[in-house]
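# Fold and contact review
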Amino acid sequence: MRSVLAVQIIWLWLCPVAWAGAWLQEPGKAFLAVTATLRRGDPQAQFENTIYGEYGLAPRLTLGIDINQRPSIAGHALLFIRTPLGSGNTRNAYAFEAAVGGYHWMGQWQPMYKTALSMGRSITVKGIPGWLAIDAAIERRIGTPAPTAKLDATLGLSGAARVQPILQIETARTSGLPLMWTITPGITVKGPKETTWVIGIERKSVIRQTIGLKLGFWRRF
């Protein structure tokens, strides 16, 4: 039974939160990210899709959704709110996020909730502007024996060039299980009408080494 729960927790960790961060949406503005990942090396996790959206409700309040689905295996659906910490007059941005929703394992749904602290910072790399986002979260899934702690980081450039590099690192730890990680280097490609295309190569440590091709787009409204 313990081994079954351990495998379940590992699969549930494979449902990451897409594009979290400390920055809020302006009132009336929205952001949407849609991603599909195709993997080799693990026949049970060949396809995964995510939908992540944010909407600015007020100057200090952003509402969002986070949906992840691995067909017939696992997934989650969360509704979250984000509010800034501090005045926002420093170089670093800080925010608190709370989310509630549900997850499923092999078609069986259970409640889950999450709390997170985020830090965002504008950076410059060899004269090119960029950004760094760090997110620390605790996720609790009802029906599993222990919460999961996560620490994620995203580093990207936002210069004038149409193609820019991006790097995402995700880590998770559950009591009694080894540290799990995902590294996804990639590129962003600017498109028309505030659309950005994302292409990345994903490497995971969970269960067995896997390689995935991540394709997605971001759109601001």
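See the structure printed just above.
Computed from a predicted structure; not experimentally measured.

One ladder, built from twelve bridges, connects strand β4 (residues 74-85) with strand β5 (residues 92-105); its direction is antiparallel. Note on β5: the bridge partner recorded for leucine 78 is glycine 101. When β5 meets strand β6 (residues 108-125), the two strands line up antiparallel, connected through 14 bridges. Along β6, the bridge assignment pairs alanine 93 with glycine 120. Joining the antiparallel neighbours β5 and β6 is a turn of two residues, in which methionine 106 adopts a positive phi near 55°.

As a further point, take the sheet that holds β6. Strand order around the closed barrel formed by twelve strands is β1-β2-β3-β4-β5-β6-β7-β8-β9-β10-β11-β12, with antiparallel pairing between neighbours. Sheet twist, expressed as the mean angle between neighbouring strand axes with direction ignored, is 20°. Inspection of the sheet shows strand β7 (residues 128-141) paired to strand β8 (residues 148-157) by ten bridges, in the antiparallel sense. When the bridges of β8 are listed, glycine 130 appears paired with leucine 157.

Inspection of the entire model under this criterion finds eight salt bridges. For arginine 82, the salt bridge identified is with glutamate 54, shortest N-O distance 2.9 Å. You can see arginine 82 sitting in strand β4 and its partner glutamate 54 sitting in strand β2 (residues 47-58), a full 28 residues away along the chain. The exposure class assigned to arginine 82 is buried, which follows from its relative accessible area of 1%. With relative accessibility at 7%, the residue glutamate 54 sits in the buried group. A single salt-bridge network, built from bridges that share partners, covers Arg39, Glu48, Arg70 and Glu202.

Reading the values: the criteria
- Residues numbered from 1 in each chain as written.
- Predicted model: local features only at pLDDT ≥ 70, side-chain atom pairs only at ≥ 80, totals over all residues.
- Heavy atoms only, no water.
- Pairing = 2+ DSSP bridges.
- Helix = DSSP H or I, 4+ residues; strand = E, 2+ residues; numbered from the N terminus.
- Axes fitted to C-alpha atoms, helices over the stretch in contact; angles between N-to-C directions.
- Salt bridge = Lys/Arg side-chain N within 4 Å of Asp/Glu carboxyl O.
- Buried < 20%, exposed > 50% of the residue type's maximum accessible area, 1.4 Å probe, protein only.

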